[in-house]
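# Observations on chain architecture
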Amino acid sequence: MIEHGIGVPQQKVIILDFGSQYTQLIARRIREQKVYAEIVPFYKSAKEIAAENPAAIVLSGGPSSIYERNAPQLQEEIFALNVPILGICYGLCALAKHFGGKIESAARREYGRAIIEIKKKSALFKSLKKKETVWMSHGDKVIVPPRNFDIIASSENAEIAAIENAHRKIYGVQFHPEVYHTVNGQQIIKNFLFEICKLTPSWTMESFIESSIDAIRKEVGNGTVLLGLSGGVDSSVTAMLLQRAIGDRLYCVFVNNGLLRKNEPEKVIERFKRHTKLNLIYVDASKRFLSLLKGVDDPEKKRRIIGREFINVFLKEARKLGRFDFLAQGTLYPDVIESVSTKGPSDTIKSHHNRVPEVLKLIKSGKVIEPLKELFKDEVRELGLALGMSEELVYRHPFPGPGLAVRIVGEVTPHRIKILQEADDILVEEIKFAGLYRSLWQVFAVFLPVRSVGVMGDKRTYENVIAIRAVTSVDAMTADWAYLPEELLRRISNRIINEVKGINRVVLDISSKPPSTIEWE
Ligand code: XMP
């Protein structure tokens, strides 16, 4: 098994995670500068970190107070690595404590925008103005800087908003440069990477493809690989990358569970069989899934049935094909980060899919290949484009493994699936036509088994309801309901009611996550 992941370059920044909700953002901001960054928990031993040969270390923020019992502590040995260090928020306090500064726990957290004033010329603040808007979110603050550290910026609430020991290349900021609201945060990150660490921006998708292909070839040798292809972005990109690396020794199994969007099986077959010459094995198991779901209306039961049956069908097909050396998965970085921060319910759901016991067993024996394991979703999309995939495919919205079953409240029946497919198709078509598809994280229809009275022509109707769900999000951990123009909503509603038999009412879901979830079940 490839320990360091496929496509990881030599030069990397290690982010020690102290549990901040922004830790992933730090990694993304660094990667946006074409420098590879990886998140590891703060307790990872200095020896293991040294083995990764990092070019720089960033200490993330975190929710703890530095003097609190069991507060996460820095390991002294990391300083022996002699690489530049940037501490952010809690990371700053950890640095200050280590070098003998003084920290005060504020009675109230400072949260929100603040203005810092730059007090001393510093490489960290190159090209910045004297006063800058930043984002603060902290309880502790440093009140006495450690010896040999200079104060380089102050704010109204925190005299010590940033410090440096330029000689040892150790820097600390109280605010969050990785957050969008820190107006020139990206410049600060650039300064750290290029002015202070002297790194080169060489981590591009082309370089990722090249090194991934090398790594996959080395790992697979003459072996064969089996991949479950769903037609979604992640598994499609995985397929294209693997195909480039090992050609027709890749076999993809596409299972139609009968819970897919309108015409989806035909589209997937067309896309991959005709256009890419992929070894695609199509399994129509829809009847089997639908019969197992008969009479089941509990959301968790539905999920369990579908998850279990998927594995059954998949493994059965695999056995039919004969011996396989590897199983490939389109797992992404957010699913594997050993993050210290608490994970949301969607992570549990996802890990459920990529980490079922059968797969875990294979992972343990080193038989699983996950070439996207180091990438964030937006990077996977970029990779897809670099591999020559169409924008239409690469920018598809996520679709849940249990499919339309979690978008039909109550029992799943063929009739309800058909209604939902039609309504969803109209909705997505109109959203695309209005040019809004790319700006939304997801948009889909939900079937509600509620009947209400209507009037069509001169006749009374008594039919079901469709709910429109449209959300914006960056990672599905939180989401906002999206504002759709009135005229567009009117068209969608009219079309669904007029064109979809069985629906006489359309409603709009205006719930954010949390406390709601994106999917209804
Ligand atoms: P929720 O409904 O938890 O969904 O807010 C968060 C994101 O995850 C997707 N989702 C799933 N994806 N298997 C998947 O691969 C699943 O079982 C599953 N359930 C939800 C959902 O569409 C949203 O993007």
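Parameters at a glance
Residues numbered from 1 in each chain as written. Predicted model: local features only at pLDDT ≥ 70, side-chain atom pairs only at ≥ 80, totals over all residues. Heavy atoms only, no water. Phe/Tyr/Trp six-rings, centres within 6.5 Å; stacked < 30°, edge-to-face > 60°. Helix = DSSP H or I, 4+ residues; strand = E, 2+ residues; numbered from the N terminus. Buried < 20%, exposed > 50% of the residue type's maximum accessible area, 1.4 Å probe, protein only. Patch = residues over 30% accessible without salt bridge, like charges linked within 9 Å, V, L, I, M, F, W, Y side chains within 5 Å. Areas by Shrake-Rupley, 256 points an atom, 1.4 Å probe, with all protein chains shown as cover. Salt bridge = Lys/Arg side-chain N within 4 Å of Asp/Glu carboxyl O. Lys, Arg positive; Asp, Glu negative; His and termini not counted. Charge placed at Lys NZ, Arg CZ, Asp CG, Glu CD. Pairing = 2+ DSSP bridges. Axes fitted to C-alpha atoms, helices over the stretch in contact; angles between N-to-C directions. Right-handed = clockwise from strand over helix to strand, strands pointing away. Domains from an automatic or database assignment. Buried area = accessible area lost by both parts, 1.4 Å probe. Polar contact = N/O pair within 3.5 Å; in protein donor to acceptor, adjacent residues only side chain to side chain. Nonpolar A, V, L, I, M, F, W, Y, C, P; charged D, E, K, R; others polar. Parallel < 35°, antiparallel > 145°, perpendicular 65-115°, else oblique. Left-handed = near helix turned anticlockwise from the far one by under 90°. Contact = heavy atoms within 4.5 Å. Core = buried A, V, L, I, M, F, W, Y, C linked by side-chain atoms within 4.5 Å.

On inspection of all chains with the given rule, the structure shows 12 aromatic pairs. Ring geometry for F18 and Y90: centres 5.4 Å apart, planes at 45°, overall tilted. Remark: Y90 occurs in helix α3 (residues 90-98) and F18 occurs in the loop between β1 (12-17) and α1 (23-32); sequence separation between them is 72 residues. A relative accessible area of 2% means that F18 is categorised as buried.

A contiguous patch of negative charge on the surface is contributed by E206, E210, D214 and E382. Ranked by residues supplied to the negative patch, first place goes to helix α5 (residues 205-220) with three residues.

Below, the discussion takes up the sheet that holds strand β7 (residues 150-155). One open sheet holds the nine strands; their spatial order is β2-β1-β3-β4-β9-β8-β7-β5-β6, and the pairing between them is mixed. The open sheet has two edge strands with one neighbour each: β2 (36-41) and β6 (131-144). Between one strand and the next, the sheet's axes are offset by a mean angle of 25°, whatever the strand orientation. Note: strand β4 (residues 85-88) against strand β9 (residues 170-173), four bridges, orientation parallel. Bridging from a neighbouring strand, L86 pairs with Y171 of β9.

Pairing between strand β11 (residues 250-256) and strand β12 (residues 279-284): six bridges, direction parallel. If you follow C252 over to β12, its bridge partner there is L280. Taking the sense of rotation as the criterion, the β-α-β connection linking β11, helix α7 (residues 264-276) and β12 turns out right-handed.

Glancing now at the domain arrangement of the chain. On domain assignment, one finds that the chain holds domain 1 (12-196), domain 2 (205-394) and domain 3 (414-509). When domain 2 packs against domain 3, the two sides together hide about 850 Å² of surface, and 52% of this comes from carbon and sulfur. Counting across the interface, domain 2 meets domain 3 through three salt bridges. Of the charged contacts in the structure, one is a salt bridge between K262 and D425, with a shortest N-O distance of 3.8 Å. Here domain 2 is connected to domain 3 by three residue pairs in polar contact (both at pLDDT 80 or more). At the level of secondary structure, the elements contributing two or more residues to the side of domain 2 that touches domain 3 comprise α11 (345-354) and α14 (391-394). Grouping the constituent residues of the side of domain 2 that touches domain 3 by class yields three nonpolar, three polar and five charged.

Here α1 crosses helix α4 (residues 185-196) at 70°, and the two axes come no closer than 10 Å. Regarding the angle of α1 to α4, the classification is roughly perpendicular. The handedness of the crossing between α1 and α4 comes out as right-handed. Side by side, α1 and α4 meet where R29, I30 and E32 of the first sit next to Q186, I189 and L193 of the second. The residue makeup of the contact of α1 with α4, split by class, is three nonpolar, one polar and two charged.

A word on the pattern of salt bridges. Per the counting criterion, the structure on display carries 27 salt bridges. For E487, the salt bridge is made with R490, and the minimal N-O distance between the two is 3.7 Å. Of the two residues, E487 and R490 are both situated in helix α16 (residues 486-499); the distance of three residues between them amounts to about one turn of the helix. The class for E487 is exposed, based on a relative accessible area of 52%. Through salt bridges with shared partners, a single network forms among E429, E430, R491, R495 and E499.

Among the nonpolar cores identified, the biggest contains 48 residues, and L259, V412, I431, V443, I466, I496 and I503 are the most heavily contacted of them. In terms of residue count, the dominant contributor to this core is helix α15 (residues 414-433) (eight residues). Per-domain counts for this core show at least three residues from each of domain 2 (205-394) and domain 3 (414-509). Other than its neighbours up to four places away in sequence, V443 contacts H397, L427, V428, I431, Y437, R469 and A470.

Structurally, the position occupied by D297 is in the loop between α8 (286-293) and α9 (299-321). C-alpha separation for the pair D297 and V412, spaced 115 residues apart in sequence, amounts to 7.4 Å. Residues within four places of D297 in sequence aside, it is in contact with K302, G410, E411 and E521.

A few words now on unusual backbone geometry. Cis geometry is found at the peptide bond from K513 to P514, where omega equals -20°. Mapped onto the elements of the fold, P514 is located in the segment after β18 (503-508). With an omega of 5°, the peptide bond running from P514 to P515 counts as cis. Tracing the chain through its elements places P515 in the segment after β18. Positive phi, close to 60°, is recorded for K277, a residue that is not glycine. Residue position: K277 is located in the loop between α7 and β12.

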